[in-house]
Amino acid sequence: EQGTQARTVASTNMNATSSRAHTIFTITFKQTKVDSALMKATDKTSKINLVDLAGSERAASTGAQGARLKEGAAINKSLSALGNCISALAENSGGKKKHVPYRDSVLTRLLQQSLGGNAKTIMIAALSPADINYEETLSTLRYADRAKQIKNVATVNEDPNERLIRELREEIERLRRQATGEADAELAQELSAYKEKVQATEIMMEMMKKEWEEKLQAAAKADVDRSSALAEMGIVQGSVDKSVPQLVNISEDPMRSGALIYYLDEGSNIVGRPDGSDVHIKLSGVQMKPKHCDLVRNDREVTIHPFEGAKIFVNGKVISEATVVQQSDRLIFAGTHIFRFNDPVEAEKRAKEREQWLADHPDEVPDLPMAMDWEFAQREVMKAQFGGKLGEGSNDDADVQAKLKELEAKYKLDQEARQKEWEEKMKQLNDQSSSDKEGELQRRLEDQRRQLQEEFERQQKEAEARMAEEKRVAELDAKRKAKAAEESLQEHVAVLLPMISEVNEICTVMDKEFEFEVVIMPKVAFPWTTFVPGEENNESEVAVKCLDKYSNSTAFWPQEKFEDRFYLIRDAYAQFQNSGEWDSGDEDPFYDAPEDRVIGHCRIYAETLFHLMEIDQTSKILDFKGKQEGLLAVKMQIMDIEGKEFDDEEEDAPDSLEELDGKDVKFSIQINSASGLPHTDQHFFVRFTIPALQKPVQTPRSEGSTTKPEWNYTKLLPLRVDKDLIAFFKCGMIHFEVLGEPLPRPKMPVENVRLTTSNYLWSF
């Protein structure tokens with residue numbers, strides 16, 4: 001009944017209950033036999049596969065379409081794979097050696113043991129008597145004929161040792177029967193021989209039994225040694241001991257968290273490298289010391305004692321003296337190994353207290369427990385290092401204030417307009433009342449004046465309420481964006497912090513004059529981003545600052561670039577550890593060829609150009625912190641389509657850009673020179689853009705390393721005046737970026753070069 005329910009059938013033109021899938025029903029038999037002499041149980045297992053193969057079919061005959069057509073194609077494909085396996089097995093039975101493609105189909109893979117294994121197989125072929133199915137009947141008979149050629153020899157699988165013991169016992173029993181059943185004197189000699197043979201067989205059985213016991217003892221000893229080795233690695237077999245304080249690992253992969261557990265014994269528990277002496281918890285890593293720290297357990301209290309030079313974080317804070325750890329404290333050794341301290345007794349106590357609190361306060365909603373995972377531990381370290389000011393480089397507060405000021409200015413203009421309209425209406429009413437002193441008309445004017453006053457107050461209250469709501473929405477939106485941006489920054493920093501810590505330690509070991517750190521700055525401060533007018537350009541970005549201590553130069557790497565270099569630096573360190581030296585070859589993963597960097601930015605209000613007047617000024621170049629890095633001299637003007645200035649003496653001369661709406665003009669910009677630029681850079685150039693341009697405009701690079709470059713660069717840009725362009729020149733600013741190339745790293749004097757082992761030997 002179960003097999004029938006599992007079948008998949010559907011109606012076709014050839015069969016109303018056509019099988020649409022192969023069905024395999026497996027019955028497993030298990031027989032247990034107990035040997036009273038050896039006190040051992042033996043299991044004998046066999047399986048019976050009942051297989052209902054769906055028949056092959058032709059789409060033209062069955063009229064299958066859609067899902068039925070796909071089912072028929074899948075059935076034919078699996079039957080073809082089954083036929084290939086049967087043909088290969090038939091050839092192998094004839095003496096050939098041919099590969100059997102069991103893996104070509106799920107069906108053949110499931111029936112592998114039934115087809116060519118330790119099994120006996122019976123195939124029943126279903127034939128059709130109709131002459132229209134002649135080809136299908138012939139194909140089925142050929143199929144069955146190939147299956148008949150397969151020769152399988154079914155045997156009972158038995159352990160060799162058990163088989164030998166069984167045969168010896170049978171031989172002993174047979175000899176004993178022969179020895180006790182013969183009483184003739186003529187057979188005395190044969191009986192003696194039989195007894196000697198029986199004794200020899202019994203001695204052999206005793207020896208085999210002894211060897212088997214020795215093997216069991218050796219296996220038990222090996223299991224104990226393996227358990228001890230796994231315990232040193234923090235891998236616990238069986239159930240966890242809930243009476244001993246322990247360290248539980250926290251991994252970046254949630255599936256691997258809790259896989260390692262180190263039990264803390266009473267007294268000293270030293271953490272260090274595998275090559276350290278008297279180390280109980282062995283951890284590897286660049287920053288791991290031979291003896292990193294000592295976890296001293298006194299009953300249920302555990303105190304961590306860091307050794308000199310060891311880097312240890314407890315709940316995100318670096319410790320340098322003895323510290324008592326509490327339940328669920330996060331411990332980070334050498335920047336990469338993260339553990340959670342767990343005292344099962346204390347954990348159970350806190351769980352009971354929480355259950356009691358929930359029982360005593362059924363109406364209150366309890367706080368959900370924090371997920372103390374890898375990300376949580378990294379954020380603790382990150383907050384400790386950045387002091388909780390992760391998004392300091394962002395201008396979200398400035399954006400909020402600017403938005404609020406804009407709303408207040410709009411509200412003020414609306415209020416002034418309403419006030420002016422109300423005053424005009426009141427003036428008209430006063431004029432009418434002064435010219436006409438009639439009592440009835442005077443009362444009507446007074447009513448109108450009162451209504452106007454009430455309407456004005458109502459509109460003013462509505463405007464104030466609307467203003468307050470817009471301010472609230474703006475503040476909420478700004479807070480939401482700020483929170484999302486900070487969470488994104490936290491994720492990036494959490495990934496980079498352990499990597500940077502490891503790279504800095506490698507630089508110290510390999511005597512490299514480099515230092516790396518995480519920086520968070522506005523995107524426009526990096527050379528790989530471009531200022532885009534009209535878009536959000538104040539977002540912060542995480543990058544890695546590379547300080548070359550030898551040349552005192554600084555470079556900024558994007559996160560993706562540093563992550564690629566991180567693995568190259570690891571490979572270099574592995575080579576250095578193995579051979580004591582390292583050949584950087586053509587590329588040094590620690591050092592980069594000088595790349596362009598952003599010196600600073602210069603912003604000039606474009607309102608003067610809106611009134612078709614010339615701008616000729618020298619502006620300050622400020623970096624992302626607001627520090628002045630130099631001065632930039634530029635000259636700009638709006639001209640007619642022929643590149644000529646507008647003549648104010650002409651009668652139809654325009655006064656502003658609004659009068660040129662829909663017309664073509666040319667924007668003349670001249671970047672003359674700069675001064676006071678940093679002496680650590682060279683080949684300066686300027687990049688600028690406005691919304692109407694498809695891509696930024698860039699000046700040629702200056703020659704040499706002068707701090708006063710001169711470009712005298714002039715560019716006439718054709719523009720079509722529209723509403724967006726008018727709005728930009730009326731209220732916007734033109735943004736200039738000054739970039740430069742850091743000076744190349746000076747060559748290190750020969751006496752400061754660190755000799756490799758081979759160079760040191762050749763120097764003699």
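Residues numbered from 1 in each chain as written. Predicted model: local features only at pLDDT ≥ 70, side-chain atom pairs only at ≥ 80, totals over all residues. Heavy atoms only, no water.

Description of the overall build of the protein
On a plain count of helices and strands, the protein comes out with 16 helices and 26 strands. Within the protein, buried positions represent 33% of all 764 residues. Nonlocal contacts in the protein, meaning residues at least 24 apart in sequence, comprise 60% of its contacts between residues at least 6 apart. Accessible surface, the protein as shown: approximately 48700 Å² in total, 50% of it carbon and sulfur. (Helix = DSSP H or I, 4+ residues; strand = E, 2+ residues; numbered from the N terminus. Buried < 20%, exposed > 50% of the residue type's maximum accessible area, 1.4 Å probe, protein only. Contact = heavy atoms within 4.5 Å. Areas by Shrake-Rupley, 256 points an atom, 1.4 Å probe, with all protein chains shown as cover.)

A look at a negative patch on the surface
Where like charges cluster on the molecular surface, the negative patch consists of Asp647, Asp648, Glu649, Glu650, Glu651, Asp652, Asp655 and Glu659. On the secondary structure map, aspartate 647 appears in the loop between β21 (628-639) and β22 (664-675). (Patch = residues over 30% accessible without salt bridge, like charges linked within 9 Å, V, L, I, M, F, W, Y side chains within 5 Å. Salt bridge = Lys/Arg side-chain N within 4 Å of Asp/Glu carboxyl O. Lys, Arg positive; Asp, Glu negative; His and termini not counted. Charge placed at Lys NZ, Arg CZ, Asp CG, Glu CD.)

Regarding the sheet that holds strand β6 (residues 261-263)
Pairing between sheet strands relies on hydrogen bonds along the backbone, with the strands arranged either parallel or antiparallel. If you trace the six strands from one edge of the open sheet to the other, you get β6-β5-β15-β14-β11-β12, paired in antiparallel fashion. Looking at the sheet topology across the chains shown, the edges are occupied by β6 and β12 (317-318). The sheet contact formed by strand β5 (residues 246-249) and strand β15 (residues 337-342) spans four bridges and is antiparallel. Paired with asparagine 249 across the bridge in β15 is phenylalanine 339. (Pairing = 2+ DSSP bridges.)

What about the packing of aromatic side chains?
Here the structure, examined in full by the defined rule, presents nine aromatic pairs. Judged by centre distance (5.9 Å) and plane angle (50°), the ring pair of phenylalanine 516 and phenylalanine 562 falls under tilted. In this pair, phenylalanine 516 is assigned in strand β16 (residues 514-522) and phenylalanine 562 in helix α13 (residues 559-579), connecting sequence segments 46 residues apart. A single burial state applies to phenylalanine 516 and to phenylalanine 562, both of which are buried. Three or more aromatic residues link up through ring pairs in this structure, and these residues are Tyr262, Phe333 and Phe339. Residue placement shows arginine 565 over the ring face of tryptophan 557; its charged tip is 5.1 Å from the ring centre. (Phe/Tyr/Trp six-rings, centres within 6.5 Å; stacked < 30°, edge-to-face > 60°. Lys NZ or Arg CZ within 6 Å of the ring centre and 35° of its normal.)

Let's talk about unusual backbone geometry
A positive phi angle, near 60°, is found at aspartate 511, a position not held by glycine. Relative to the helices and strands, aspartate 511 resides in the loop between α12 (439-509) and β16. Residue asparagine 712 is not a glycine yet carries a positive backbone phi of 50°.

Some remarks on the nonpolar core
One recurring pattern in soluble globular proteins: nonpolar side chains tend to sit buried together. Ranked by internal contacts, the top residues of the largest apolar core, which has 39 residues, are Leu632, Met636, Phe667, Phe729, Ile734 and Phe736. The element contributing the most residues to this core is β22, with five residues. The residues contacting leucine 632, other than those within four sequence positions of it, are Cys602, Gln617, Thr618, Ser619, Ile621, Ile671, Ser673, Ala674, Val686, Trp711, Phe736 and Val738. Within the second largest apolar cluster, 35 residues are counted, among which are Leu496, Val503, Ile506 and Tyr573. (Core = buried A, V, L, I, M, F, W, Y, C linked by side-chain atoms within 4.5 Å.)

Things to note about helix α15 (residues 723-731)
All of the buried residues in α15 are Leu725, Ile726, Phe728 and Phe729. Along the axis of α15, the buried positions cluster into a sector of 160°, meaning they face one direction only. The exposed residues of α15 that point more than 90 degrees off its buried face are Lys723, Asp724 and Cys731. Elements that come into contact with the buried residues of α15 comprise α14 (607-610), β21, β25 (710-720) and β26 (733-742). (Arc of directions from axis to C-beta.)

Comments concerning the side chain of aspartate 294
Structurally, the position occupied by aspartate 294 is in strand β9 (residues 293-298). Salt bridges are absent for the buried aspartate 294, whose nearest opposite-charge side chain, lysine 291, sits at 8.5 Å. There is a polar contact of 3.0 Å between the side chain of aspartate 294 and the backbone nitrogen of asparagine 269. Those residues in contact with aspartate 294, other than ones at most four positions away along the chain, are Ser268, Asn269, Ile270, Thr303, Ile304, His305 and Phe307. (Polar contact = N/O pair within 3.5 Å; in protein donor to acceptor, adjacent residues only side chain to side chain.)

Details of the pattern of salt bridges
Inspection of the entire model under this criterion finds 19 salt bridges. Ionic pairing is found between glutamate 658 and lysine 730, a salt bridge with its closest N-O pair at 3.9 Å. A residue pair is termed long-range when its members are at least 10 positions apart, and glutamate 658 in the loop between β21 and β22 and lysine 730 in helix α15 qualify at 72 residues.

Notes on the pairing of β5
Looking down a regular strand, the side chains alternate between one sheet face and the other. Residues Gln246 and Val248 point to one face of β5 and Leu247 and Asn249 to the other, with burial holding for every one of them. For β5 and β6, the ladder comprises three bridges, and the chain directions are antiparallel. Each residue of the ladder has a partner; that of leucine 247, found in β6, is tyrosine 262.

Let's talk about the environment of threonine 618
The topology assignment puts threonine 618 in strand β20 (residues 615-622). Taking the C-alpha atoms as reference points, threonine 618 and leucine 631, separated by 13 residues in sequence, lie 6.3 Å from one another. Those residues in contact with threonine 618 that lie beyond four places of it in its chain are Leu631, Leu632 and Ala633.

Side note on the sheet that holds strand β18 (residues 553-558)
An order of β16-β17-β18 is seen for the three strands of this open sheet, with the pairing classed as antiparallel. Both edges of this open sheet fall to β16 and β18, since each of them pairs with a single strand only. Neighbour to neighbour, the strand axes of the sheet diverge by 35° on average, direction disregarded. Where β16 and strand β17 (residues 540-548) come together, nine bridges link them in antiparallel fashion. Within the sheet, the bridge partner assigned to proline 522 lies in β17 and is serine 540. This element, α13, spans β16, β17 and β18 of the sheet and lies at about 95° to β18. (Axes fitted to C-alpha atoms, helices over the stretch in contact; angles between N-to-C directions.)

Some thoughts on the environment of valine 721
Following the sequence through the fold, valine 721 ends up in the loop between β25 and α15. Between the C-alpha atom of valine 721 and that of lysine 663, which follows or precedes it by 58 residues, the distance is 5.6 Å. Discounting chain neighbours no more than four positions away, the residues touching valine 721 are Leu657, Leu660, Asp661, Gly662, Lys663, Val665 and Ile726.

Digging into the packing of helix α3 (residues 67-93) against helix α6 (residues 134-148)
Interaxial distance between α3 and α6 falls to 8 Å at its minimum, and their mutual angle equals 40°. Accordingly, the angle class assigned to the pair α3 and α6 is oblique. Remark: the crossing between α3 and α6 carries left-handed chirality. Residues Leu79, Leu82, Gly83, Ile86, Ser87 and Ala90 of α3 touch α6, and the partners they reach there are Tyr143, Arg146 and Ala147. (Parallel < 35°, antiparallel > 145°, perpendicular 65-115°, else oblique. Left-handed = near helix turned anticlockwise from the far one by under 90°.)

Concerning the confidence of the model for the protein
Taken as a whole, the protein shows an average pLDDT of 78; of its residues, 80% reach a score of 70 or greater. Taken together, the stretch residues 391-396 has pLDDT below 50 and engages in eight contacts with residues farther than four places along the chain or on a different chain. Within the model, the stretch residues 750-764 combines pLDDT values under 50 with 10 contacts to residues more than four positions away or in other chains. (pLDDT = per-residue confidence, 0-100.)

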